[in-house]
Amino acid sequence: MPTTVAADNGRAEQETVKKGNVKTSPKMGKKTLTLDTMNPHIKVMEYAVRGPIVIRAGELEMELKKGAKKPYKEIIRANIGDCHATGQVPITYIRNVLTLCINPKLLDSPDFAPDVKEHAKRILSSTRGGLGSYTDSTGLDVVRQDVADFIKRRDGIAADPDNIILTAGASEGIKALLKLINNEKNGQKPGVMVPIPQYPLYSATIAEYGMEQIGYYLDEDNNWALDINELKRSIREARKVCHPSVIVIINPGNPTGQVLTEENIRGIIKFAHEEGLYIMADEVYQDNVYAPGSKFHSFKKVMTQMGAPYDGLELASFYSTSKGFMGECGIRGAYMELVNMDSQVMAMLKKMLSAKLCPTSVGQACIGCVVSPPKQGDPSYESFMSEKQAVLKSLAEKAKLVTDTFNSIPGIHCNTVQGAMYAFPRLDLPQGLIDKAKSVGQDPDFYYALQLLENTGICIVPGSGFGQKPGTHHFRTTILPPPKQMEEMMVRFKKFHTELMEDKLKNV
Ligand SMILES: Cc1ncc(COP(=O)(O)O)c(C=O)c1O
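A few points on the structure. Just so you know, these numbers come straight off a predicted model, no measurement behind them. (Residues numbered from 1 in each chain as written. Predicted model: local features only at pLDDT ≥ 70, side-chain atom pairs only at ≥ 80, totals over all residues. Heavy atoms only, no water.)

Taken in spatial order, the three strands of this open sheet run S10-S14-S13, and their pairing is antiparallel. The sheet is open, and its two borders are formed by strand S10 (422-423) and strand S13 (461-462), each paired with just one other strand. (Pairing = 2+ DSSP bridges. Helix = DSSP H or I, 4+ residues; strand = E, 2+ residues; numbered from the N terminus.)

See the structure below:
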């Protein structure tokens, strides 16, 4: 299909006609919706994780398939936290429960364990007509109750199922909440505090909704910790242009892989209280903690333990089936817990969500399995635990491999990957390369990532897609490729970087 993206719709049409693939008709004259008339916020939003480097990786993959000769035989996709796409296997218990939910005829089959059947029956009992029917907009009752029980087991603090909303991936909940918060005050836009570097869902959504992004820099020299003085600096400056409304914390961090200490979280909560901010705690990586001594602490737990007045703060916490040990990204299961939300605002949020009917029912069943796994003594317990631990152990090994290898390459500095699924190393790039990149209109880290891809087949994301301190250059890699491929990737990476630094690479 010819592309017809052009600012001038007349020209776009002519181009379509010139390419000869599409018949014209009088009706195809002037377009009503053009780049000039469309929503301008969409034009400025960017999402680097699926940006131009990734598109080029897809093209190279096609070229390889057609027999093109390259210095490598396959593309290594380390650009996106899509676990199953890089070979992680599904957890059998989860898939079996989902299978029975989708095909209840199999409930009589001897091939499924009794606890699997019980779980599927429980989920189905709260649907109106199986998974093919719409659910309530906030999700199935049984699953929301299971989420509440999961939170209570995790934090030792009660959770109310009425404060839990199931969503199609955490992204949906995050976007819904930002939409709810989006309101001008005294002619000023609402400001959203986000870490820099950040996961680009936030910058993209802030741009889409016409809100103001308030970046606070994470402290790279202190393993990407969150410095309260930096929060104060960023909010002070932001007050000149917007009214700060919400602070986003990603813990464990994407792309930075750090796990916040309890003390650090307490400091953030005090800051949010002083500044009257709504807290959005993105805790989708809570299962992914690897470094010895690191531990996940939920914002809800810390805030509640701090007592008054902090336990009255408004908080939203997000968890998802996409990450952790299950990595079920495509199934789109997640929940958000809304703590201390004003009851009238909650009603408005539920009204807003009702207009899109409900999150995917399979996603709801999936988060139901994640929050209510087999218990000790259940028939599926041992196999569930061994599969879960195998995934987390492999991720922990790769987190260490990546940190150690990058730190062994002169000119690359990598903080310890304490958690999540990523490393965000810093590059010391020679001035010659920076100048060359600028001469072709590219950010130096984009240029580096593109050269890496062309020369080695490794697909990573340039740091500029996540934000970084001016004058620094980074990239994000996932730790997801299978161990053998990860080792191979590290060998190719080291060779590329060393040759680049020694100016031995042709065409770079
Ligand atoms: C920090 C963070 N939050 C949210 C999401 C969105 O996850 P989901 O697939 O549940 O929408 C991601 C996905 O990579 C993420 O890294």
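Close to the ligand lie 14 residues, the nearest being Ser171, Asn254, Asp282, Tyr285 and Ser320. Ser322 places a side-chain nitrogen or oxygen 2.7 Å from an oxygen atom of the ligand. For the shell around the ligand, the element with the highest residue contribution is helix H7 (residues 170-181), accounting for three residues. (Near = heavy atom within 4 Å. Polar contact = N/O pair within 3.5 Å; in protein donor to acceptor, adjacent residues only side chain to side chain.)

A few words now on the pairing of strand S2 (residues 164-167). In S2, alternate side chains face the same way, and those of Ile164 and Leu166 on one face and Ile165 and Thr167 on the other are all buried. As defined by bridge partners, S2 adjoins strand S8 (residues 334-339) across four bridges and the pair is classed as antiparallel. From the neighbouring strand, Ile165 faces S8, where its bridge partner is Met336. (Buried < 20%, exposed > 50% of the residue type's maximum accessible area, 1.4 Å probe, protein only.)

Moving on, we come to the pairing of strand S6 (residues 278-282). With five of five residues buried, S6 lies mostly within the body of the structure. Covered by surrounding structure in S6 are Tyr278, Met280 and Asp282 together with Ile279 and Ala281, the residues of both alternating faces. By the bridge criterion, five bridges tie strand S5 (residues 242-250) to S6 in an arrangement that is parallel. Within the sheet, the bridge partner assigned to Ile247 lies in S6 and is Ile279. As a crossover connection, the stretch from S5 through helix H10 (residues 262-275) into S6 is right-handed. The sheet contact formed by S6 and strand S7 (residues 315-320) spans four bridges and is parallel. The residue of S7 that forms the bridge with Met280 is Ala316. Handedness of the crossover joining S6 and S7 through helix H11 (residues 299-306) is recorded here as right-handed. (Right-handed = clockwise from strand over helix to strand, strands pointing away.)

This part takes up the packing of aromatic side chains. Tallying each qualifying case throughout the model produces 14 aromatic pairs. When the centroid spacing of 6.1 Å and the interplanar angle of 75° are considered together, the rings of Tyr93 and Phe384 count as edge-to-face. In this pair, Tyr93 is assigned in helix H4 (residues 92-102) and Phe384 in helix H14 (residues 381-407), connecting sequence segments 291 residues apart. Residue classification places Phe384 among the buried positions, given a relative accessible area of 3%. Ring pairs connect the aromatic residues Phe406, Tyr448, Phe475, Phe493 and Phe496, which therefore count as one cluster. (Phe/Tyr/Trp six-rings, centres within 6.5 Å; stacked < 30°, edge-to-face > 60°.)

Once that is clear, we can look at the sheet that holds S5. Strands sit in the order S2-S8-S7-S6-S5-S3-S4 across an open sheet of seven strands; the sheet is mixed. Because the sheet does not close on itself, it has two edges, and the strands there are S2 and strand S4 (212-217). Averaged over all adjacent pairs, the angle separating strand axes in this sheet is 25°, with direction ignored. Sitting on the sheet, helix H13 (residues 361-371) touches S2, S7 and S8, and the angle it makes with S7 is about 95°. (Axes fitted to C-alpha atoms, helices over the stretch in contact; angles between N-to-C directions. Contact = heavy atoms within 4.5 Å.)

A few words on the pattern of salt bridges. The tally for this structure, following the rule as stated, stands at 25 salt bridges. Between Glu59 and Arg56 there is a salt bridge, and its shortest N-O distance comes to 3.0 Å. Remark: Arg56 and Glu59 occur in helix H3 (residues 52-65); sequence separation between them is three residues, near one turn of the helix. Residue class for Glu59 comes out partly exposed when judged on its relative accessible area of 41%. (Salt bridge = Lys/Arg side-chain N within 4 Å of Asp/Glu carboxyl O.)

Across its 13 residues, helix H16 (residues 444-456) extends 18 Å between first and last C-alpha, which sits within 8% of the 18 Å expected from 1.5 Å per residue. The buried fraction of H16 is high, at eleven of 13 residues. Among all positions in H16, only Pro444, Asp445, Phe446, Tyr447, Tyr448, Ala449, Leu450, Gln451, Leu452, Leu453 and Thr456 are buried. Looking at the residues trailing H16, positive phi occurs at Gly457, about 80°. (Expected span 1.5 Å × (residues − 1).)

A pair of packed helices is captured by two measures, namely the crossing angle of their axes and the spacing between those axes. The interhelical angle for the contact between H4 and H13, taken along N-to-C directions, is 140°, at an axis separation of 10 Å. Considered as vectors, H4 and H13 are oriented oblique to each other. The chirality of how H4 crosses H13 is right-handed. Between H4 and H13, the contacting residues are Ile94, Val97, Leu98, Cys101 and Ile102 on the first element and Val362, Ala365, Cys366, Cys369 and Val370 on the second. (Parallel < 35°, antiparallel > 145°, perpendicular 65-115°, else oblique. Left-handed = near helix turned anticlockwise from the far one by under 90°.)

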